[in-house]
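Working through the structure, step by step
For reference, the chains in residue letters:
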2 protein chains.
Amino acid sequence: MPRSHGRTGRPPLTSRAEILDAARKIIDRDGWQRLTVRRLAAELGIGPTTLYHHVRDREDLLIQLLNEHAQQTLRRDLPSNPRDRIVASAIAIHDSLAAWPWAAEVLTADGFLRRLGQPALEMVEAIVGAAAEAGCTSEQAVHLFRGIWYYTVGEILVRAHSDSRRTGDGQDAPDDAFFDRADVSRLPHLARIGNRWPALAAQDTYVAALGAFVDGLLAHAGAVPRTEPRV
Amino acid sequence: MPRSHGRTGRPPLTSRAEILDAARKIIDRDGWQRLTVRRLAAELGIGPTTLYHHVRDREDLLIQLLNEHAQQTLRRDLPSNPRDRIVASAIAIHDSLAAWPWAAEVLTADGFLRRLGQPALEMVEAIVGAAAEAGCTSEQAVHLFRGIWYYTVGEILVRAHSDSRRTGDGQDAPDDAFFDRADVSRLPHLARIGNRWPALAAQDTYVAALGAFVDGLLAHAGAVPRTEPRV
DNA sequence: ACCTGAACACCGTTCAAGT
DNA sequence: ACCTGAACACCGTTCAAGT
């Protein structure tokens with residue numbers, strides 16, 4: 001891309017910043033489900049086709065939006081202890097995405113990592129670097145990152161869908177009779193948990209399980225012993 | 001639902017089994033992206049609106065399809081050692097879903113668990129039961145299951161998207177220059193990994209990291225010591 | 001160089017009516 | 001009880017043309 005536009009051609013009426021602003025406005029006002037190419041164009045007062053001169057496609061738009069969001073939410077001090085630094089970085093990524101439930105559509109996109117901006121990459125670097133410092137080979141460090149990434153993406157996506165429904169209905173189902181349709185005699189533990197399941201499943205255990213995962217990964221990699229587990 | 005239809009009314013021309021068969025046919029022939037309500041109706045030779053007498057909506061259709069798939073793929077013998085039983089059950093769930101990349105759309109649906117059929121619930125039971133046997137409280141057992149579920153869903157979803165692209169393009173990007181657009185001086189570890197990243201990320205480490213996760217979760221729960229780690 | 005309307009090829013779902 | 005066509009309210013994206 002040239003630094004200056006040169007002299008030729010019609011000057012642009014629509015800028016990248018205007019597009020991202022309008023997109024955020026739609027999300028805040030109407031909800032992220034309403035962010036479509038056509039609506040965004042209407043919000044900008046342009047034809048839907050014009051947008052395609054500024055973004056490659058819908059996915060490209062969402063990734064640009066996510067990178068902006070990351071830039072604003074992702075910075076924080078990280079602990080010096082490697083194990084804790086991994087955990088803190090993962091929590092930072094998680095919390096940033098959790099505030100962005102519409103990330104769901106784009107989080108699993110192929111080549112996602114390659115399209116991330118600097119702030120997000122710095123979090124990946126922090127995790128990979130801390131894993132190396134804890135004694136992992138670079139291969140193990142990448143695998144550790146991917147395990148954490150899968151877990152984090154899964155948590156975000158499942159929780160994003162649960163939340164959207166809960167606010168929609170108010171009530172999901174009669175709380176008693178949770179596993180009643182199944183042959184409960186073959187499911188003794190689930191039967192005993194019964195209608196306590198929804199409440200247990202609604203608890204936020206991301207951080208606790210993350211700590212367990214990181215400790216397990218470091219132990220399997222033959223890396224340094226863990227600090228004391230959080231409960 | 002009544003056991004017999006009674007005597008009144010027009011007899012159904014379209015059955016649940018016919019619908020699911022036609023759906024599978026579309027998936028096998030045209031790919032799962034082509035499975036839409038309208039196409040499915042066309043395949044059956046009926047109007048799209050008729051389908052709504054047999055399935056609640058598109059999501060309901062997909063969940064019915066997934067339950068059938070689970071019934072056919074999910075059974076297997078499970079080890080007696082609780083830790084290994086958890087791992088084997090998770091792998092069974094994972095492999096079943098991995099063969100079903102179009103699960104992505106439905107895996108994170110709210111109340112998903114409540115809508116699962118008996119075979120899938122038996123896998124949940126196996127994990128929760130094994131966790132209890134390993135010394136977890138029922139609360140810890142549910143949280144352990146959820147952690148594994150998040151990790152598994154994340155892996156499936158990310159990998160499903162990567163695969164669909166890879167087969168599409170043939171080649172993703174010039175392999176050198178993987179992190180080149182970023183300020184590499186602030187990303188020393190990523191810079192050192194460089195273009196080895198795609199190959200490392202493509203490796204299947206689901207099972208290895210799962211073992212680490214389960215060991216970590218059991219250790220954090222104060223449960224029995226683990227068997228020797230797999231490498 | 002940038003912007004445009006028209007068009008293509010679709011979606012999921014609801015409704016009032018028919019048999 | 002089951003099935004229907006028409007309609008509603010949309011999608012993302014491409015193309016040839018205009019300024």
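This is a predicted model, so every value here is computed, not measured.

**What about the relation of the copies chain B and chain A?**
With an axial shift of 0.0 Å and an RMSD of 0.0 Å, the rotation relating chain B to chain A amounts to 180 degrees. The symmetry that links the two subunits is that of a two-fold axis. Most of the interface of chain B is mirrored in chain A, where 100% of its interface residues again form contacts.

**Points about the UniProt feature "DNA-binding region" (unreviewed entry) in chain A**
Under the feature "DNA-binding region" (unreviewed entry), the UniProt entry names residues 36–55 of chain A. With 40% helix and 0% strand, residues 36–55 of chain A has end C-alpha atoms that lie 13 Å from one another.

**Here we look at the nonpolar core**
The nonpolar side chains of soluble globular proteins are, as a tendency, buried together. Judged by nonpolar contacts, the single largest core of 150 residues is most densely connected at L107, W149 and W197 of chain A together with L107, W149 and W197 of chain B. Setting aside residues no more than four positions away along its own chain, L107 of chain B makes contact with L66, L97, F112, W149, V153, I156 and L157 of chain B.

**Some points on the pattern of salt bridges**
What the rule picks out here adds up to 25 salt bridges over all chains. Here R29 of chain A ties to D30 of chain A by a salt bridge, and the two come within 2.8 Å at their closest N and O atoms. Two residues, R115 of chain B and E59 of chain B, come together in a salt bridge whose shortest N-O distance is 3.0 Å. Taken together, the residues R115 of chain B in the loop between helix 5 (104–107) and helix 6 (118–133) and E59 of chain B in helix 3 (residues 58–73) connect sequence positions 56 residues apart. What emerges from the salt-bridge pattern is a single network uniting K25, R29, D30 and E43 of chain A.

Definitions and cut-offs
Residues numbered from 1 in each chain as written. Chains lettered and ligands numbered in written order. Predicted model: local features only at pLDDT ≥ 70, side-chain atom pairs only at ≥ 80, totals over all residues. Heavy atoms only, no water. Least-squares fit on C-alpha atoms with pLDDT ≥ 70 in both. Contact = heavy atoms within 4.5 Å. UniProt positions renumbered as here; feature names shortened; annotations may be inferred. Helix = DSSP H or I, 4+ residues; strand = E, 2+ residues; numbered from the N terminus. Core = buried A, V, L, I, M, F, W, Y, C linked by side-chain atoms within 4.5 Å. Buried < 20%, exposed > 50% of the residue type's maximum accessible area, 1.4 Å probe, protein only. Salt bridge = Lys/Arg side-chain N within 4 Å of Asp/Glu carboxyl O.

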